[in-house]
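# Overview (structure and organization)
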Amino acid sequence: MPELRKDPVIGRWVIISTERALRPDQFSSQVKDEKEDLFCPFCEGKEENTPPEVYAIRPRNPTRNGPGWDLRVVPSISPFLRIEGDLDRRGNGLYDVMNGVGAHEIVVETNQHIANMADLSEEQITKVLNCYSDRITDLGKDTRFKYVLVFKNYGKGAGGGGIKHTRSQLIATPVNPKRVKEELTGARLYYDYHERCVFCDLIKQELVQKERVILELDGFVAVSPFAARFPFETWILPKRHCSDYTCMDAESVRNLSRVLKTVLLKLKKGLNDPDYNYIIHTAPFRRQKAGYWKTIDYDYHWHIEIMPRLTKVAGFEWGTGFYICPLPPEETAKFLREVQV
Amino acid sequence: MAELRRDPVVGRWVIVDTDHPNKPEDFEYEQNIPSGGLCPFCYGNEFMTPPEISCFRDPGTAANTPGWQVRVVANKFPALQIEGKLDRRGLGIYDMSNGIGAHEVLIESPYHNKDIPELLVQEIESYLMMCGVRCADLKKDKRFKYIMIFRNYGAPAGASLEHPHTQLIALPMAPKNALEEIRGARGYYNYRERCIFCDIIRQEITDKVRIVLENKYFISFCPFVSRFPFEIMIMPKKHSGYFCHISGDEVSALAQILKETLTKLKKVFVNLSYNYIIHSAPINGESDVEYYHWHMEIMPKLTQVAGFEWGTGFYLDQTSPELAAQYLKAVKD
């Protein structure tokens, strides 16, 4: 019998299908397009092909936009949103409109032409994770922005484009996005009722039940969520309660780097290098004004969602917001636990 | 400067790229190329599917044999199962239920290679009528709270079989998106005592710029807040919460506007894959229908949804709906 499971935070129902169940190894990603890039604008020495950098780690050459860097952040060449201008909120009949003000930055994670973040060193991933914090903090100084989303699209199937040079993106938005609001609202409702953080409770339950835990290491836990939308969806959560990604100390960042690398390597090895997205879910900027609630630091808990792109999202999912996951998360967790990296 | 637009019903923000809009030829989409092979939905292969649940067929022909025009069968690999009692329960902090529901496949015509634009209007009418018949029937089962009709056309849009078909899923709870629409529509209704969808239709007819087609009973338009480029909405002008309450005249008008709309879309984008879904009010006591208005949403598969959209629920539309409507309108029959 298939099972319907509800996400405890945002209340989304998911069908965990048993009828069409495949074995975990049947999900393995298809043959990759092995064609090498002819030209990569993100490699060392090609700096003039990107907009001028807004951030860089340059141990070997302090000259901006020259070679000698370990990591670079540049504005997107085709930004979703633009940094200049006022929001100018207005109406158009019954519709609401505002200007597309925001920031859109690309984090070039290494000067080497490496495709998958899983293949970076722990030390390099640590730099990337620190850079996220620095950029979020810096963008937060601009009071027009309410939220910064950090995400990664790896591979063509995940919207990552054709250039095989690992990078992530940051987008600062002038409104709190809908998905973020839903999660915050869900977490607050739970807190109002229980006076506990729903994510802390989730972690406790997962560590007792164990069957969905992929990895528990150095203060972090990686799980296949109970109501997973996609096969092999994976969440990484810090065990210690904290609403804000940028509040991590140096040691936690190093630990997260190890955990993230391990999980990404397990996915790469176990599923034949699948395309994937990951997203950092963190609290919005907390400024004293309308729409801000004071309990956010207690009721929200930052985490990372990793979504391998192994199945197609079709009409049913778009229409209902109901997902059909063809594999129970207990099985994917077991499979990933057993992948040796 | 790009524009941020907010959906008046569910409150979702969408980024509309007005600076460097994508023209149709700018989209690099996966083409839908049929590969053929044995098809369980073609004449003569009826034995390959579960037995038919409902069918329009020539008089004198037996069930599960050729001679049908529209055929409905249970999905061979159902996401949900029809037998059993609904058993909702908790598991620590989690909620769950057994997977009760219905999952049916509606084979629209015997023709393996005919999408809706290639069918006759009468054939599309029969197909739409059958959708209504199945909805009305499933609605009688009090365990079900929502009936979802959706169609995945082409492998890139998630169709696992080539022969065009539509799916129906009856769910034991109203899904999140439906509840959001209901909540938004109810909020508006409480405030203005008008249906928000009726107001949208009025504004679209006045603004004109986003309308693709219009007939006596329906309009087809690119919504002001489109999540996907070239997204199209078909809405009945007459206020009605349920698709299955559609009248005979409306079925003909819908068949015609659906055929013409998809014809235009497929002329702009060769070998296009797309999804459409019918949004209808929840059933069996979940809502009043005064403020809800059924409609059809067509989503061409032109772009990839990536990390940003998953993370934020924010969408980026590279072609403004005004421009998309202009391209679609310009298509000559």
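Located above this text is the structure these notes cover.
Attention in this report is confined to the structure presented alongside it. Just so we're clear, the structure is a prediction, and the values are computed from it rather than from any experiment.

## A few points about the overall build of chain B
Along chain B, the regular secondary structure elements total six helices and 15 strands. Expected size for 333 residues packed as a compact globule is a radius of gyration near 20 Å; at 20 Å, chain B falls within 12% of this value. C-alpha extents for chain B along the principal axes are approximately 60 × 50 × 40 Å. Residues classed as buried in chain B amount to 50% of the 333 residues present. Long-range pairs, those at least 24 residues apart, make up 70% of the contacts in chain B with a sequence separation of at least 6.

## Observations concerning helix 1 (residues 122-140) of chain A
Along an α-helix, residues three or four positions apart point the same way, because every turn accommodates 3.6 residues. The end-to-end C-alpha distance of helix 1 of chain A, which contains 19 residues, comes to 27 Å, matching closely the 27 Å that a straight helix rising 1.5 Å per residue would cover. Of the positions making up helix 1 of chain A, those classed as buried are Q124(A), I125(A), T126(A), V128(A), L129(A), C131(A), Y132(A), R135(A), I136(A) and L139(A).

## Things to note about the sheet that holds strand 1 (residues 3-6) of chain B
Strands belonging to one sheet form pairs held by backbone hydrogen bonds; the direction of such a pair is parallel or antiparallel. The strand order across the open sheet built from five strands is 5(A)-6(A)-1(B)-2(B)-15(B), with neighbouring strands paired in mixed fashion. Of all strands in the sheet, those bounded by a partner on one side alone are strand 5 (90-92) of chain A together with strand 15 (315-317) of chain B. On average, each strand axis in the sheet is inclined to that of its neighbour by 30°, with strand direction left out of account. Pairing of strand 6 (residues 95-99) of chain A with strand 1 of chain B involves four bridges; the strand directions are antiparallel. Bridged to M98(A) within strand 1 of chain B is L4(B).

## Regarding the interface of chain B and chain A
Interface size is often expressed as the accessible area that is lost when the parts come together. Taken together, the 56 residues of chain B in the interface contact 59 residues of chain A. Considering only residue class, the side of chain B that touches chain A consists of 32 nonpolar, 16 polar and eight charged. Looking at chain direction, strand 1 (residues 3-6) of chain A and strand 6 (residues 94-98) of chain B are connected through four bridges and run antiparallel. Across the sheet, residue R5(A) finds its bridge partner in strand 6 of chain B, namely M96(B).

## Some points on the sheet that holds strand 11 (residues 220-223) of chain A
Residue and element names in this part refer to chain A. Taken together, ten strands build an open sheet; the order of strands is 3-4-7-9-8-13-14-12-11-10 and the sheet is antiparallel. What marks the edges here is a single partner per strand, and that holds for strand 3 (55-57) and strand 10 (213-217). Neighbour-to-neighbour, the strand axes of this sheet turn through a mean angle of 15°, independent of strand direction. Direction of pairing for strand 8 (residues 147-154) relative to strand 9 (residues 167-173): antiparallel, over a ladder of five bridges. Its bridge partner being in strand 9, Y147 is matched across the sheet by T173. Contacts from helix 1 reach strand 3, strand 4 (71-75), strand 7 (103-108), strand 8, strand 9 and strand 13 (276-281) within the one sheet, and its direction differs from that of strand 4 by about 35°.

## Things to note about the nonpolar core
Counting residues in hydrophobic clusters, the biggest one holds 189 residues, and the most contacted among them are I15(A), V148(A), I236(A), V263(A), C325(A) and I147(B). Each residue touching I15(A), except ones within four places of it in the same chain, is listed here: P2(A), L4(A), F322(A), I324(A), C325(A), A79(B), L80(B) and G99(B).

## Some thoughts on the pairing of strand 2 (residues 13-16) of chain A
Residues and elements named next belong to chain A. Alternating residues of strand 2 divide into W13 and I15 and V14 and I16, and every residue in both groups is buried. In this sheet, strand 2 lies alongside strand 1 in antiparallel orientation, the contact comprising four bridges. The residue bridging K6 from the neighbouring strand is W13, located in strand 2. What sits between strand 1 and strand 2 in their antiparallel hairpin is a turn of six residues, with G11 showing a positive phi close to 75°.

## A word on unusual backbone geometry
Trans peptide bonds make up the majority, and among non-glycine residues the majority have a negative phi. Positive phi, close to 45°, is recorded for D218(A), a residue that is not glycine. Note on placement: D218(A) falls in the loop between strand 10 and strand 11. When the 14 C-beta atoms within 10 Å are taken as the criterion, D218(A) is described as partly exposed. For F230(B), which is not glycine, the phi dihedral falls at a positive 65°.

## Structural notes on the packing of helix 1 of chain A against helix 4 (residues 250-270) of chain A
Residue and element names in this part refer to chain A. Direction vectors running N to C along helix 1 and helix 4 enclose 115°, while the axes themselves pass 8 Å from each other. The element helix 1 and its partner helix 4 pack so that their crossing is right-handed. Contacts from E122, I125, T126, L129 and N130 in helix 1 reach V253, R254, L256, S257, R258, L260 and K261 in helix 4. Here the residues of the contact of helix 1 with helix 4 are counted per class, giving five nonpolar, three polar and four charged.

## Digging into the environment of G99(B)
For G99(B), the position within the fold is in the loop between strand 6 and strand 7 (102-107). The residues touching G99(B), leaving out its near neighbours within four places in the chain, are M1(A), P2(A), E3(A), L4(A), I15(A), L80(B) and Q81(B).

## Topic: helix 2 (residues 178-194) of chain A
Taking 1.5 Å of rise per residue, the 17 residues of helix 2 of chain A would be expected to cover 24 Å, and the 24 Å separating its terminal C-alpha atoms lies within 8% of that figure. Inspection of helix 2 of chain A places V180(A), E183(A), L184(A), A187(A) and Y190(A) among the buried residues, and these make up the whole buried set. End-on, the buried residues of helix 2 of chain A take up no more than an arc of 130°, which puts them together on one face. Set apart from the buried face of helix 2 of chain A by more than 90 degrees, the exposed residues are D192(A) and Y193(A). Packed against the buried residues of helix 2 of chain A are strand 8, helix 3 (198-209), strand 13 and helix 5 (296-299) of chain A together with helix 5 (307-312) of chain B. Count one or two residues on from helix 2 of chain A and you reach E195(A), which has phi positive near 55°.

## Let's talk about the environment of V341(A)
All names here are of chain A. Considering the arrangement of structural elements, one finds V341 in the segment after helix 7 (329-338). On the basis of neighbour count, V341 is assigned to the partly exposed category, with 14 C-beta atoms found within 10 Å. Residues V341 and S76 lie 265 residues apart in sequence; the distance between their C-alpha atoms is 34 Å. Setting aside residues no more than four positions away along its own chain, V341 makes contact with T262, L265, K266 and K269.

About the thresholds
- Residues numbered from 1 in each chain as written.
- Chains lettered and ligands numbered in written order.
- Predicted model: local features only at pLDDT ≥ 70, side-chain atom pairs only at ≥ 80, totals over all residues.
- Helix = DSSP H or I, 4+ residues; strand = E, 2+ residues; numbered from the N terminus.
- Rg over C-alpha atoms; globule rule 2.2 N^0.38 Å.
- Buried ≥ 20, exposed ≤ 12 C-beta atoms within 10 Å, placed from the backbone.
- Contact = placed C-beta atoms within 7 Å.
- Expected span 1.5 Å × (residues − 1).
- Pairing = 2+ DSSP bridges.
- Axes fitted to C-alpha atoms, helices over the stretch in contact; angles between N-to-C directions.
- Nonpolar A, V, L, I, M, F, W, Y, C, P; charged D, E, K, R; others polar.
- Core = buried A, V, L, I, M, F, W, Y, C linked by C-beta atoms within 7 Å.
- Left-handed = near helix turned anticlockwise from the far one by under 90°.
- Arc of directions from axis to C-beta.

These figures capture arrangement, not role.
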